[in-house]
Amino acid sequence: MKILVLNCGSSSLKFGVFEIGDNATEIFKASYEKFEAGSCSYKVTKDGMTETGEAPLGDIAAVLAALPNILEGHGVTQLEAVGHRIVHGGETFRTTTVLDESTVVAIEALTPLAPLHNPANLLAVRVAKEVWPNLPQVAVFDTAFHSTNPPRATTYAVPKAWRDAGLRRFGFHGTSHKYVAIRAAEEIGLPLRDLKIVSMHLGNGASVCAVNHGESMDTSMGMTPLEGLVMGTRSGDVDPGLFGFLSRQHGLSILEVEEALYSESGLKGLTGSSDMRDVEERASGGDADAQLAIELFAYRARKYIGAYAAAMGGLDAVVFTGGIGENSPSMRRRICDGLEFMGLRLDHDRNQLVKLANHAAPQIQAYGSRVRVIVTETAEQLMIARETAAALTTKASAPEPIPVAVSARHAHLSRIAVEALFGAGYQLTPAVTLRQPGQWAASERVILAGPKGRLEGVAILGPERPRTQIEISRTDGFALGIDAPVRDSGKLDGTPTVRLIGPAGSLDTDGLIVAARHIHINPDEARRMGLADGMLVDVNIGDEERGLVFGKTLIRVGAHSVTEMHIDTDEANAADIRVKGEGSLVPDLRAVVRATKEVVCP
Ligand code: ADP
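Residues numbered from 1 in each chain as written. Predicted model: local features only at pLDDT ≥ 70, side-chain atom pairs only at ≥ 80, totals over all residues. Heavy atoms only, no water.

S.K.: I tried to follow the overall build of the protein chain on my own but got confused; where do I start?
M.R.: Check the secondary structure of the protein chain and you find 19 helices and 29 strands. The dimensions of the protein chain, computed from C-alpha atoms along their principal axes, are 85 × 55 × 50 Å. In the protein chain, the proportion of contacts linking residues at least 24 apart, taken out of those at least 6 apart, comes to 64%. Side chains of the protein chain give 60 positive and 73 negative charges; the mean places of these two sets differ by 4 Å. (Helix = DSSP H or I, 4+ residues; strand = E, 2+ residues; numbered from the N terminus. Contact = heavy atoms within 4.5 Å. Lys, Arg positive; Asp, Glu negative; His and termini not counted. Charge placed at Lys NZ, Arg CZ, Asp CG, Glu CD.)

S.K.: Just to check I follow, could you spell out the site of the ligand for this structure?
M.R.: Around the ligand sit 13 residues, and of these Asn204, Asp275, Met276, Arg277 and Gly323 come closest. A distance of 2.9 Å is found between an oxygen atom of the ligand and a side-chain nitrogen or oxygen belonging to Asn204. Elements represented by at least two residues in the shell around the ligand include exactly helix H10 (276–284) and helix H12 (322–327). It is H12 that contributes the most residues to the shell around the ligand, four residues altogether. (Near = heavy atom within 4 Å. Polar contact = N/O pair within 3.5 Å; in protein donor to acceptor, adjacent residues only side chain to side chain.)

S.K.: Help me out: how do you make sense of the side chain of His146 in this one?
M.R.: Position of His146 among the secondary structure elements: in the loop between strand S8 (137–141) and helix H4 (151–154). Judged by its relative accessible area of 1%, His146 is buried. Polar side-chain contacts of His146 include one of 2.8 Å to the side chain of Ser216. (Buried < 20%, exposed > 50% of the residue type's maximum accessible area, 1.4 Å probe, protein only.)

S.K.: Even after reading the chapter, I still don't get the nonpolar core, so can you show me in this structure?
M.R.: It is characteristic of soluble globular proteins that their nonpolar side chains tend to be buried jointly. Grouped together as the largest cluster of nonpolar side chains are 45 residues, with contacts concentrated most on Val198, Met200, Leu202, Ile305, Leu315, Val318 and Ile335. No other element matches the 11 residues that helix H11 (residues 288–312) contributes to this core. In this structure, Val17, Val63, Leu64 and Val76 belong to the second largest nonpolar core, which totals 29 residues. (Core = buried A, V, L, I, M, F, W, Y, C linked by side-chain atoms within 4.5 Å.)

S.K.: I keep staring at the sheet that holds strand S7 (residues 97–98) and nothing clicks. Help me out?
M.R.: In any sheet, the strands associate via hydrogen bonds between backbone groups, in a parallel or an antiparallel arrangement. Overall, mixed pairing links the eight strands, which are arranged S5-S4-S3-S2-S1-S6-S8-S7 in an open sheet. Because the sheet does not close on itself, it has two edges, and the strands there are strand S5 (49–55) and S7. Running over the sheet, helix H1 (residues 60–73) touches strand S1 (2–8), strand S2 (13–20) and strand S3 (24–36) and is turned about 30 degrees from S2. (Pairing = 2+ DSSP bridges. Axes fitted to C-alpha atoms, helices over the stretch in contact; angles between N-to-C directions.)

S.K.: It is not clear to me how the packing of H11 against helix H13 (residues 329–336) should be interpreted in this structure. Could you clarify?
M.R.: Two quantities define a packed helix pair, namely the angle between the axes and the distance from one axis to the other. At their nearest, the axes of H11 and H13 sit 8 Å apart, and the two run at 50 degrees to each other. If you check the angle between H11 and H13, you find them oblique. Seen along the crossing, H11 lies across H13 with a hand that is right-handed. Across from Ile294, Glu295, Phe297, Ala298, Ala301, Arg302 and Ile305 in H11, the residues of H13 making contact are Met331, Arg334 and Ile335. Grouping the constituent residues of the contact of H11 with H13 by class yields seven nonpolar, no polar and three charged. (Parallel < 35°, antiparallel > 145°, perpendicular 65-115°, else oblique. Left-handed = near helix turned anticlockwise from the far one by under 90°. Nonpolar A, V, L, I, M, F, W, Y, C, P; charged D, E, K, R; others polar.)

S.K.: Please explain empty space enclosed by the protein as it appears in this structure.
M.R.: Take a probe with the size of a water molecule and roll it over the atoms, and the empty space left behind shows itself. Counted by the stated rule, this structure contains one cavity of 30 Å³ or more. Taken as a whole, the largest cavity spans an internal volume of roughly 60 Å³. Together, Gly90, Glu91, Phe93, Arg94, Thr143, Ala144, His146, Ser147, Arg168 and Phe170 line the largest cavity. (1 Å grid on protein atoms, 1.4 Å probe; cavity = no way out; pocket = protein on both sides within 12 Å on 5 of 7 lines; lining within 4 Å. Points joined across faces, edges and corners; volume = space filled by probe spheres on them.)

S.K.: So what exactly am I meant to see when it comes to the packing of aromatic side chains here?
M.R.: A ring pair, where both rings are aromatic, is described by two values, the distance of the centres and the angle of the planes. Tallying each qualifying case throughout the model produces six aromatic pairs. An angle of 20 degrees between the planes, with centres 5.1 Å apart, marks the rings of Phe422 and Tyr426 as stacked. A network of ring pairs unites the aromatic residues Phe15, Phe28, Tyr32 and Tyr42 as a single cluster. (Phe/Tyr/Trp six-rings, centres within 6.5 Å; stacked < 30°, edge-to-face > 60°.)

S.K.: Would you mind going over the pattern of salt bridges with me for this structure?
M.R.: Any two side chains of opposite charge can pair if their charged atoms end up close together. Under the counting rule described, the total for this entry stands at 25 salt bridges. The salt bridge involving Glu108 is made with Arg126; its shortest N-O contact spans 2.5 Å. Here Arg126 lies in helix H3 (residues 117–131) and Glu108 lies in helix H2 (residues 101–108), a separation of 18 residues in the sequence. Judged by relative accessible area, Arg126 falls into the partly exposed class, the value being 38%. Here Asp476 makes a salt bridge to Arg409, at a shortest N to O gap of 3.1 Å. (Salt bridge = Lys/Arg side-chain N within 4 Å of Asp/Glu carboxyl O.)

S.K.: Even after reading the chapter, I still don't get the environment of Ser247, so can you show me in this structure?
M.R.: Among the secondary structure elements, Ser247 is positioned in helix H7 (residues 242–250). Along the chain, Ser247 and Ser102 lie 145 residues apart, while their C-alpha atoms are 41 Å from each other.

S.K.: Can you help me understand the environment of Val557 in this one?
M.R.: Looking at the secondary structure, you find Val557 in strand S26 (residues 548–557). Val557 sits 340 residues away from Met217 along the chain, and the two C-alpha atoms are 26 Å apart. The contacts of Val557, once residues within four sequence positions are left out, are Ile521, Asn522, Pro523, Ala526, Ala532 and Asp533.

S.K.: Looking at this structure, how should I read unusual backbone geometry?
M.R.: Note: most peptide bonds trans; most residues except glycine with negative phi. Cis peptide bonds are those with omega within 30 degrees of zero, and the linkage from Gly462 to Pro463 qualifies with 0 degrees. Counting through the fold element by element, Pro463 comes out in the loop between strand S18 (454–462) and strand S19 (469–471). The residue His359 is not glycine, and still its phi comes out positive at about 60 degrees. Checked against the element boundaries, His359 lands in the loop between helix H14 (348–352) and strand S13 (372–375).

S.K.: Whenever I open this one, H2 confuses me. Can you help?
M.R.: For H2, the set of buried residues is Thr103, Val104 and Ile107. Seen along its axis, H2 keeps its buried residues to an arc of 100 degrees; they face one direction. Of the surrounding elements, those touching the buried residues of H2 are strand S6 (81–86), S7, H3 and S8. (Arc of directions from axis to C-beta.)

S.K.: How should I be thinking about the side chain of Asn212 in this particular structure?
M.R.: As for its position among the elements, Asn212 is in strand S10 (residues 206–212). Asn212 sits in the buried class, given a relative accessible area of 16%. Apart from residues lying up to four places away in sequence, Asn212 is in contact with Leu195, Lys196, Met217 and Met312.

S.K.: Looking at this structure, I do not really get the pairing of S1. What am I missing?
M.R.: If a strand is regular, its side chains alternate between the two faces of the sheet. Among the seven residues that make up S1, seven are buried, leaving the element largely enclosed by the rest of the structure. Direction of pairing for S1 relative to S2: antiparallel, over a ladder of seven bridges. Residue pairing across strands places Lys2 opposite Glu19, the latter belonging to S2. Following S1, the chain reverses through four residues before pairing antiparallel with S2. Pairing of S1 with S6, which is carried by four bridges, proceeds in the parallel orientation. By the bridge assignment, Val5 is partnered in S6 with Gly83.

Remember that the coordinates give geometry; whether it matters functionally is a separate question.
Here you go:
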């Protein structure tokens, strides 16, 4: 599929054409900027040849209108879709979206959240619709990757009325963070969902993202792209108390302060230059302001790595990208220095010798470093092309029912745990056979104890496992007073400890999780339904009144699995699942899910 990707900003237009098949290839790339006096400068790359020059096009709208000619002039024809970078998707757009009249209106309504960016992005949508009325247009949102951030990461502790009015953290650079996390996982050779990654996008705009098991868990930009790291001209984190101080003591208006925080702060505010190359040059020549700016930039970035490692309960890799992340070995080194205590050690030679052609993602950690450090070029346009193709190729086929089972809280015990709780040599007693082959509920029960309270009569599921795993709901977590992470079964590293109490003794063990919802399915059925192991699907479930779409439901293909979706009691209650209900996999309507309340663990 041949896809044109448009990244239309307020002062420049970048675009690329990608052929998306088994691999994605960029066949054309261009940028038009510096618009003044009826002309602009451009740079076009095709077949490895780059051409630069001046074009008689006075603004972005003129370039957009001339696009068909520009592309045809370079032999690029037969486009099949247009993918657009849209900066702000607000709460409305959590995934890549095929655009129609109503979605364009909904994006327009988000303009107050991104007054500079969204109108520029929408200009490209409008012109592209006129120029190519028959091509599908797809929006890929910078904010969408962060839609998985939990409320504790997205909520500002401010009055309810403000929060009700939409004040919350969103995060940006999502397409870049997603791309580099995927690229890092490829380089490491492990599935993204097994990794805890901190992605550092350090360009003129800069942000950090905690990519926890493949999902954004937190990110340094907030409601606007002003929060977080020190940037070219933006301050990043400041004390909001400065508004009052500057207003009272210096008579500045809110708009004046805001403007200065966006455009006169960051590296520019500290040194007079927003360009890291200048700042590094001056610092090496002895300029004290530039030296402080570099220290501050690195210090704040390093603090975020520590914070996000703490938030995720561990760290497997740090990925650097963006103009500074890709090109400044000294900044990478400053950021990483001092993180040896958490198992991160840089190899200084590898750091110095980074080469990034052809989407390379070199690893630059020292031998024996537990945490990997990877550098790679971001490829937001490539990612937009891939997402556009994926949104358009999801096929519809016949709906098909899948039963849903509700898992009450339960424990899978190891041999050590069984003996600690029930006595040496004790064997659990299978009492109820479960639907998944070989699995049963035992007649024994166990008590869970946490700092806040106890849960009595918790079911035990057999057979024994090599490692103890206790699955509770979010509500149970509050009853115990322990914040259990949402995890796939078996992914237990860094999970919190809970006390198990049995008739013969007690045991403090980690392994406490809220099980990520999932669908068990065998390989034949999965193939028939177009599903694959590790895929995440959205499932529409529950009765008509309180039906819900459960996003990010993991497909788990097992050789002998019986097809069945597992959700926990909170999820079942939220969807008001009674004896029977109905729903469908969305967005492609591949299957109908019939919800049959079967309590897996009595
Ligand atoms: P944008 O956010 O505008 O896409 P970029 O990702 O292009 O920004 O990053 C621009 C930043 O990268 C600038 O601060 C620039 O100085 C910095 N940069 C580019 N090359 C180097 C280099 N070799 N050393 C240090 N900084 C660099």
